[in-house]
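Now for the letters of each chain:
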Amino acid sequence: MTSLFRLRALSLLLIPVALSAQTGGDIPSKIAALEAATKSAQSAGDNAWMLISAALVLMMTGPGLALFYGGLVRRKNVLGTMMHSFILMAVVTVIWAVAGYSLAFGGSSPFVGDLHFALLNNVGSAPNPDYASTIPQQTFMVYQLMFAIITPALISGAFAERMKFSAMLLFTVLWSLIVYFPMAHMVWGKGGLLNASLGGKFPCFDFAGGTVVHITSGVSALVCALYLGKRVGFPGPTLKPHNLVISFIGACLLWVGWFGFNAGSALAASGLATSAFVATHFGAAAATLGWIFAEWIENGKPSVLGAISGCVAGLVAITPASGFVKPFPALLIGLCAGVVCYLMVTRVKAKFRYDDALDAFGVHGAGGTLGAIFTGVFATSAVNDGFKDAAGKVMALGAIDGNGGQVLNQLVGCLVAWLLAIVGTIVILKVCDMTLGLRVSKEQESEGLDVSMHGEEGYIFES
Amino acid sequence: MKKIEAIIQPFKLDEVKEALKAIGIDGMTITEVRGHGRQKGHKEVYRGQEYNVDLLPKVKLELVVSSARFEEVVKTLTAAARTGKIGDGKIFVYEVAEAIRIRNDDRGESAL
């Protein structure tokens, strides 16, 4: 026993001697090595989280949105509807590689990027310090790609069950080029008109895509629904969802995937990511309750479709705010989104009788706008201290911080998104209508898109 | 021989099957069907859009029995399928001209 103690005491005495022998007086190079090691550790942590986030966001489109939308249509359109989401995972990826990433994140002009990153030139494992200084630019590139995929997929909820597949492809390619890439650049790109941190004229806070993703897709969805016209039989007794069980699974996948969408938008495995994760979850929870209680009061029954629609509405509304607000404002934003989106898809849609088949506008357009405005109210530097003035002082963010003018900036952001979505979508629909024709024939519509567009059926009982 | 076609509540199927088995009736064909008689349907609401569902899920049970056993079978079936409420279903009975077992060309009641 005593000899063991002696041995330990001796080894303790020897440590400083060994250390000084190692450093050999070369402290600066030792510090440099330590700094490099710290940086590489941080990069490894951030990169791991961002790669997982990118995969989570892809999971939102397929299978998340594909299941959610697929269950809401009639059985004869289930494959066609799922294909709308899945095919974008392929199509947008190719456009993104050729020019999309560059048009969104290249250069520093106010409205659209340049071709500096075209064909993914200059996009490698070195970070792009303008956007994310601790992860490879390729990680940032592929993460942002997943957003570009889901956004046009959201629109497909409005033109479901009646659009030609060829027209849908042309529409989404043009829509990505004309609406999405410019909007992404304006809000998130360096020097973009609405960029809050990299020199925008109207700094609009949009943490994860309230304007870029949800307003653009939701408003374009409304334009599509109006332009294409109603489905045969709308509104009427034949348009019931065919399988709410798969919609339910889809919604659950969306909820989980949304952590990658919002918390990933911190672009690092940071405290801000945690804060966005928490706000996201709280928003979804409160909106679920908001929707079903509104429904319970109005119809006498809280439905499962109401609960899952509410959760998506909350996730949409909290998206722009997620990296800016505390947990209780997140609950409030979610609750409002649940009730407002419920009224949009029931009262407002019934009054104006547009056939937004799966409520892409009612949920994403309305929820996105609501969330963008609320962000201007509840954004606080207590959550996000990344915005500093010229003197390096942390800036007041939203009205709650005393910066009431931010609400105006948010409104400008919404206005730009709405205008670009409306004008862009009308022009693109006209082009598609004149070249390919937008709608399937009446016979094809009654036969269903699965057989008429793809030559197959989702459910085959005799095999 | 008589064919008994019974349209019953789906949740009564197991009870009916057990009761028939107890009196020695094994063969039957069942189908999931939708329909209604005097029973009214119900209202469903999907995102505010109301749908009246008046064709309700039922189970159709078909079996062919010898004329001698027919009354006993119907009595057993009715007793097992009855709840006493509207929507319990109906039984239709037909005369059967012939029965043939595909496996070995048995004819008549021996094919049942």
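Reading the values: the criteria
- Residues numbered from 1 in each chain as written.
- Chains lettered and ligands numbered in written order.
- Predicted model: local features only at pLDDT ≥ 70, side-chain atom pairs only at ≥ 80, totals over all residues.
- Helix = DSSP H or I, 4+ residues; strand = E, 2+ residues; numbered from the N terminus.
- Rg over C-alpha atoms; globule rule 2.2 N^0.38 Å.
- Buried ≥ 20, exposed ≤ 12 C-beta atoms within 10 Å, placed from the backbone.
- Contact = placed C-beta atoms within 7 Å.
- Nonpolar A, V, L, I, M, F, W, Y, C, P; charged D, E, K, R; others polar.
- Pairing = 2+ DSSP bridges.
- Axes fitted to C-alpha atoms, helices over the stretch in contact; angles between N-to-C directions.
- Parallel < 35°, antiparallel > 145°, perpendicular 65-115°, else oblique.
- Left-handed = near helix turned anticlockwise from the far one by under 90°.
- Core = buried A, V, L, I, M, F, W, Y, C linked by C-beta atoms within 7 Å.
- Expected span 1.5 Å × (residues − 1).
- Bend = angle between axes of the 7 residues up to and from the residue.
- pLDDT = per-residue confidence, 0-100.

Draft legend 1. Structural detail: the overall build of chain A. Secondary structure summary: chain A contains 14 helices and zero strands in total. Scanning chain A from its N terminus toward the C terminus, one meets helices and strands in the order α-α-α-α-α-α-α-α-α-α-α-α-α-α. A compact globule built from 463 residues would reach a C-alpha radius of gyration of about 23 Å, and chain A, at 25 Å, matches this within 12%. The principal-axis extent of the C-alpha atoms belonging to chain A is close to 90 × 55 × 55 Å. Within chain A, buried positions represent 55% of all 463 residues. Residue pairs at least 24 apart in sequence account for 74% of intrachain contacts in chain A once pairs closer than 6 positions are excluded.

Draft legend 2. Expanded view of the overall build of chain B. Secondary structure assignment for chain B yields two helices and six strands. Relative to a compact globule of 112 residues, whose C-alpha radius of gyration would be 13 Å, chain B shows 17 Å and is clearly more extended. Expressed as lengths along the three principal axes of its C-alpha atoms, the size of chain B is roughly 60 × 30 × 20 Å. Long-range contacts, defined as pairs at least 24 residues apart, comprise 73% of the intrachain contacts of chain B with a sequence gap of at least 6.

Draft legend 3. Quick look at the environment of Leu170(A). All names here are of chain A. Relative to the assigned elements, Leu170 resides in helix H5 (residues 165-188). Residues Leu170 and Glu462, spaced 292 residues apart in sequence, show a C-alpha to C-alpha distance of 36 Å. Ignoring anything within four residues of it in the chain, the contact list for Leu170 reads Cys432 and Leu436.

Draft legend 4. The arrangement of the interface of chain B and chain A in detail. Opposite the seven residues of chain B that make contact, chain A presents twelve residues. For the side of chain B that touches chain A, the elements supplying multiple residues, two or more each, are strand S3 (42-46) and strand S4 (49-53) of chain B. Here the side of chain B that touches chain A gets three residues from one element, more than from any other, and that element is S4(B). Its residues assigned to classes, the side of chain B that touches chain A shows three nonpolar, three polar and one charged.

Draft legend 5. Representation of the sheet that holds strand S6 (residues 89-95) of chain B in the model. Residues and elements named next belong to chain B. Judged by pairing direction, the sheet is antiparallel, and its four strands sit side by side in the order S2-S5-S1-S6 without closing on themselves. Unpaired on one side and paired on the other, strand S2 (29-35) and S6 mark the two borders of the sheet. In this sheet, neighbouring strand axes are inclined to one another by 20 degrees on average, regardless of whether the strands run parallel or antiparallel. Two strands pair when backbone bridges link them, and strand S1 (residues 2-8) and strand S5 (residues 56-65) are joined in this way by seven bridges, in the antiparallel orientation. Bridge pairing in S5 links Ile8 to Val59. The strands touched by helix H2 (residues 70-81) within the sheet are S1, S5 and S6, with S1 carrying the most contacts at an inclination of about 5 degrees.

Draft legend 6. Region of the structure containing the packing of helix H1 (residues 13-22) of chain B against H2(B). Residues and elements named next belong to chain B. Between H1 and H2, whose axes approach to 8 Å, the crossing angle comes to 150 degrees. Compared by their axis directions, H1 and H2 come out roughly antiparallel. Once H1 is placed against H2, the crossing between them reads as right-handed. For the pair formed by H1 and H2, the contact residues are Glu15, Val16, Ala19 and Leu20 on the first element and Thr76, Leu77, Ala80 and Ala81 on the second. Residues of the contact of H1 with H2, tallied by class, amount to six nonpolar, one polar and one charged.

Draft legend 7. Up close: the nonpolar core. Membership of the largest hydrophobic core comes to 147 residues, with the highest contact counts inside it found for Ala158(A), Leu254(A), Ala321(A), Ala337(A) and Cys341(A). Residues in contact with Cys341(A), not counting those within four places in the same chain, are Trp291(A), Ala313(A), Gly362(A), Val363(A), Ala366(A) and Gly367(A). Formed by ten residues, the second largest nonpolar core is a distinct cluster that contains Val16(B), Val65(B), Leu77(B) and Ala81(B).

Draft legend 8. Broad picture of the packing of helix H2 (residues 27-72) of chain A against helix H7 (residues 244-262) of chain A. Residue and element names in this part refer to chain A. Two elements in contact, H2 and H7, have axes separated by 7 Å at closest approach and are oriented at 160 degrees. The angle between the axes of H2 and H7 places the two elements in the roughly antiparallel class. By crossing handedness, the relation of H2 to H7 is classed as left-handed. In terms of residue class, the contact of H2 with H7 is made up of 21 nonpolar, eight polar and no charged.

Draft legend 9. How the structure looks around the pairing of S4(B). Two elements, S3(B) and S4(B), share five bridges in a ladder whose sense is antiparallel. When the sheet's bridge partners are listed, Glu44(B) is paired in S4(B) with Tyr51(B).

Draft legend 10. Examining H2(A) more closely. In this model H2(A) runs 66 Å from its N-terminal to its C-terminal C-alpha over 46 residues, within 8% of the 68 Å that 1.5 Å per residue would give. The sharpest bend along H2(A) comes to roughly 35 degrees, located at Gly64(A).

Draft legend 11. Spotlight on the confidence of the model for chain B. Residues and elements named next belong to chain B. On average, residues of chain B carry a pLDDT of 93, and 100% of them reach 70 or more. Highest mean pLDDT in chain B belongs to S1 (96); lowest belongs to S4 (87). Of the two predicted TM-score estimates for the complex, the pTM is 0.90 and the ipTM is 0.80.

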